[in-house]
Amino acid sequence: MAVKLFNNEKGFSLIEVIVAMVLIGIISAAFTSVVFTGSKASTSHKLELESLMIAQDLMEEMRIQRDQDIDLLDWRATRFALDAGTWKSSITKDGYTYEVTAHVNDLGLPSIDLIEVVIEVMYEGGVNPVYLATRVRV
Amino acid sequence: MVLLNLLKCSSDSFNNRNGFAMPLAIFIILFVTLIAGVMMNALNNEFKTRAATENMIITKYLAEAGIEHGIAAISSKIEEQLAIPYSELDYLTTHDLPFNTLDAYTQLQTVDVSGEQIGQYQYKAKAGTPEQLSFTIIEIEQELYKAVLNNNYYTIVAEGKNSEKTFRLEAEVEYHVNYTSGQIEQVRINKWAEFYD
């Protein structure tokens, strides 16, 4: 049966082949677009997740400094560089660069020493930064 | 017999000389659409997982801010009391400070950066646990009268929330006070529980 199928000498009509090629072309283009968009979105998700992990690492580092009674403003000054009014640092991981900004603010509450720490991380070429924020006693 | 007919019919369809470019194209279209659908679904799941993880971590840090705020507010009230010089006339008197006198007690606190709101938190005492600071004035050294805590354990519940999720933390906090020096020596968290909605 298979031999007969391959020995079929008539083949496809030209119209059939053209229609089939056009359909397959359209679908292939759509599929390629889906794959490309998916791959791009997947990379962007991975980088956002990595940004979150970097922010979390810095938060824990900040906590350790606080627990060792190190002034958080000193920690910020050693870990980040002042750039146009904001404290920034650049981290490279797996070939990607992440820009990190640290916001350390004394809330100025009467008789309560509470400091607000916000870590902002954005990967190079990213649109939405990841923010982690907390408040700690000092 | 039926099987034979089916085989014959199948054999006829493969032996026909009309070609099958169209059925082949339709088959490929269906296959590619199926693969694309599976890919999109996987991507969507990945997106949802990442968003859920991000919200969980963000709200957890906000809830931790609530616990820290609660501990700091209670500490501040205790230190205020420790600084007050009492006399023999106050001996064995008691006084209570309800938690609603604490800074930001049960009030939503907003955390924002550069005008962008990251989230909110609030703290309060856990239902069924002490909701006030209770002190008794005693003579801790000769002619040194101090307000002494009647209870050293307080359970703080804090919620961190953003537009998507709420994270709740419960912390049982123990205060160790040195009444002679008038200082809180240690604040210890004995129990810690996390709840994510």
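In what follows, the structure referred to is the one given above.
Residues numbered from 1 in each chain as written. Chains lettered and ligands numbered in written order. Predicted model: local features only at pLDDT ≥ 70, side-chain atom pairs only at ≥ 80, totals over all residues.

*Asks:* Give me the lowdown on the overall build of chain A, citing residues and values where you can.
*Replies:* The number of helices and strands found in chain A is three helices and five strands. Here chain A has a C-alpha radius of gyration of 28 Å; the compact-globule value for 138 residues is 14 Å, and the former is much larger. C-alpha atoms of chain A, sized along the principal axes, occupy 95 × 30 × 25 Å. Going through the 138 residues of chain A one by one, you find that 20% of them count as buried. Contacts spanning at least 24 positions in sequence make up 43% of the contacts within chain A whose residues lie at least 6 apart. (Helix = DSSP H or I, 4+ residues; strand = E, 2+ residues; numbered from the N terminus. Rg over C-alpha atoms; globule rule 2.2 N^0.38 Å. Buried ≥ 20, exposed ≤ 12 C-beta atoms within 10 Å, placed from the backbone. Contact = placed C-beta atoms within 7 Å.)

*Asks:* So what's going on with the overall build of chain B? Which residues, and what values?
*Replies:* For chain B, the helix and strand inventory stands at two helices and eight strands. N-terminal to C-terminal, the α/β element order of chain B is α-α-β-β-β-β-β-β-β-β. Projected onto its principal axes, the C-alpha coordinates of chain B cover approximately 115 × 45 × 25 Å. Here chain B holds 197 residues, and 25% of them are scored as buried. If you take every contact in chain B between residues at least 6 apart in sequence, the share linking residues at least 24 apart comes to 68%.

*Asks:* So what's going on with the sheet that holds strand 4 (residues 132-141) of chain B? Which residues, and what values?
*Replies:* Residue and element names in this part refer to chain B. With respect to topology, three strands assemble into an open sheet ordered 1-4-5, the strand pairing being antiparallel. Across the chains shown, the open sheet's two edge strands, defined by having one partner strand only, are strand 1 (94-98) and strand 5 (144-149). Neighbour to neighbour, the strand axes of the sheet diverge by 30° on average, direction disregarded. Two strands pair when backbone bridges link them, and strand 4 and strand 5 are joined in this way by six bridges, in the antiparallel orientation. Residue T136 lies in a different strand from strand 5, and its bridge partner there is V148. (Pairing = 2+ DSSP bridges. Axes fitted to C-alpha atoms, helices over the stretch in contact; angles between N-to-C directions.)

*Asks:* Break down the pairing of strand 4 of chain B for me, citing the residues and quoting the values.
*Replies:* All names here are of chain B. Here strand 1 pairs with strand 4 via five bridges, running antiparallel. Residue pairing for strand 4: D96 is matched across the bridge by S134. From the end of strand 4 to the start of strand 5, which pair antiparallel, there are two residues, and E143 there has a positive phi angle of about 60°.

*Asks:* Give a detailed account of unusual backbone geometry, specifying residues and quantitative values.
*Replies:* Residues and elements named next belong to chain B. Despite not being glycine, A104 has its phi angle at roughly 60°, a positive value. Residue placement: A104 occurs in the loop between strand 1 and strand 2 (109-113). By the C-beta count within 10 Å, which is 18 here, A104 ends up partly exposed. For E143, which is not a glycine, the phi torsion comes out positive at approximately 60°. Looking at the element boundaries, E143 is found in the loop between strand 4 and strand 5.

*Asks:* Report on the packing of helix 2 (residues 14-67) of chain A against helix 2 (residues 21-82) of chain B, specifying residues and quantitative values.
*Replies:* Put simply, helix 2 of chain A and helix 2 of chain B touch, their axes get as near as 10 Å, and they point 15° apart. Put simply, helix 2 of chain A runs roughly parallel to helix 2 of chain B. Like other packed secondary-structure pairs, helix 2 of chain A and helix 2 of chain B cross with a definite hand, here left-handed. Partitioning the contact of helix 2 of chain A with helix 2 of chain B into residue classes produces 27 nonpolar, four polar and five charged. (Parallel < 35°, antiparallel > 145°, perpendicular 65-115°, else oblique. Left-handed = near helix turned anticlockwise from the far one by under 90°. Nonpolar A, V, L, I, M, F, W, Y, C, P; charged D, E, K, R; others polar.)

*Asks:* Kindly report on the interface of chain A and chain B, identifying the contributing residues and their values.
*Replies:* Taken together, the 44 residues of chain A in the interface contact 37 residues of chain B. Where the side of chain A that touches chain B is concerned, the elements lending two or more residues are helix 1 (2-7), helix 2, strand 4 (114-123) and strand 5 (130-137) of chain A. Broken down by element, the residue count for the side of chain A that touches chain B peaks at 19 residues, all from helix 2 of chain A. Per-class residue counts for the side of chain A that touches chain B are 25 nonpolar, ten polar and nine charged.

*Asks:* Kindly report on helix 2 of chain A, identifying the contributing residues and their values.
*Replies:* Its 54 residues place the ends of helix 2 of chain A 78 Å apart at the C-alpha level, agreeing with the 80 Å of an ideal helix rising 1.5 Å per residue. Every buried residue of helix 2 of chain A is listed here: A20, L47, E48, S51, L52, I54, A55, L58 and M62 of chain A. Close packing links the buried residues of helix 2 of chain A with helix 3 (72-79), strand 2 (86-93), strand 3 (96-106), strand 4 and strand 5 of chain A together with helix 2 of chain B. Once helix 2 of chain A ends, the next one or two residues include D69 of chain A, with phi positive near 60°. (Expected span 1.5 Å × (residues − 1).)

*Asks:* I'd like to hear about the sheet that holds strand 4 of chain A, residue by residue, with values.
*Replies:* Residues and elements named next belong to chain A. With antiparallel pairing, five strands are arranged side by side in an open sheet as 1-2-3-4-5. Since the sheet does not close on itself, it has two edges, and those belong to strand 1 (81-83) and strand 5, each with one partner. Pairwise comparison of adjacent strand axes, ignoring direction, gives a mean angle of 30° for this sheet. Pairing analysis gives eight bridges linking strand 4 to strand 5, with the strands arranged antiparallel.

*Asks:* Describe the environment of A55 of chain A, naming the residues involved and giving the relevant values.
*Replies:* Residues and elements named next belong to chain A. The residue A55 is located in helix 2 in this model. With 18 residues separating them along the chain, A55 and L73 place their C-alpha atoms 17 Å apart. Excluding its chain neighbours within four sequence positions, the residues that come into contact with A55 are I119, V121, V130 and L132.

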